[in-house]
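Breakdown of the fold
Residues per chain, in single letters:
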Amino acid sequence: MKHNIHIFFKNILRKNAVFKKNILVLIMVLWWWFFSSSSFYGDFNLCETINGEDREYYINVYEHLPTTPLAVYELIQGDRYFYVLYNKQGKKIWRSPHYAYLYDNVDSFSIPTKKSNSFKYYDKEWKTVNITIK
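Residues numbered from 1 in each chain as written. Predicted model: local features only at pLDDT ≥ 70, side-chain atom pairs only at ≥ 80, totals over all residues. Heavy atoms only, no water.

Remarks on the pairing of strand E4 (residues 92-95)
Where strand E3 (residues 81-87) meets E4, three bridges bridge the pair, whose relative direction is antiparallel. Looking across to E4, one finds that Val 84 is bridged to Arg 95. (Pairing = 2+ DSSP bridges. Helix = DSSP H or I, 4+ residues; strand = E, 2+ residues; numbered from the N terminus.)

Right, here's the structure in full:
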């Protein structure tokens, strides 16, 4: 009897471990498919730095990495950039969504200033980000 209980719990733990492993693999595949092309950025994929009119904020324009099938497709289509907004001290204020593949069309007038705390960018339509709460 003791032996049967031991086998029962061993089978339950094995099935539970397989379930957790499958969930972890699914999460990793989804992350790889959607987010990895813009998760890592730095000087190696920096395309341009654009300063605001009063130099209070600046935007770094980064190029997506061709690490996923979705990223390769978007790069071929011409949507290859994502934006990161910084203040003059270099602190990251805002970042475009991971799934946003944008054009390189940021002008200095769309970057926030001391008087205006909104940032405008184009992602299939004009979007405005309020950075006062950031």
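Quick word on unusual backbone geometry
The phi dihedral of Arg 55 falls on the positive side, at around 60 degrees, and the residue is not glycine. Tracing the backbone shows Arg 55 in the loop between strand E1 (46-51) and strand E2 (57-63).

Some remarks on the sheet that holds E2
With antiparallel pairing, four strands are arranged side by side in an open sheet as E1-E2-E3-E4. Each edge of the sheet is formed by a strand with only one pairing partner; in this case those strands are E1 and E4. Taking each pair of neighbouring strands and ignoring which way they run, the sheet shows an average axis angle of 20 degrees. Bridge analysis of E2 against E3 gives seven bridges, and the strand direction is antiparallel. Bridge pairing in E3 links Tyr 62 to Phe 82. (Axes fitted to C-alpha atoms, helices over the stretch in contact; angles between N-to-C directions.)

Some thoughts on the side chain of Thr 68
Mapping Thr 68 onto the fold places it in the loop between E2 and helix H3 (69-77). With a relative accessible area of 2%, Thr 68 lands in the buried category. Reaching out from Thr 68, the side chain makes a polar contact with the backbone nitrogen of Ala 71 at a distance of 2.9 Å. Each residue touching Thr 68, except ones within four places of it in the same chain, is listed here: Trp 32, Trp 33, Ser 36 and Ser 37. (Buried < 20%, exposed > 50% of the residue type's maximum accessible area, 1.4 Å probe, protein only. Polar contact = N/O pair within 3.5 Å; in protein donor to acceptor, adjacent residues only side chain to side chain. Contact = heavy atoms within 4.5 Å.)

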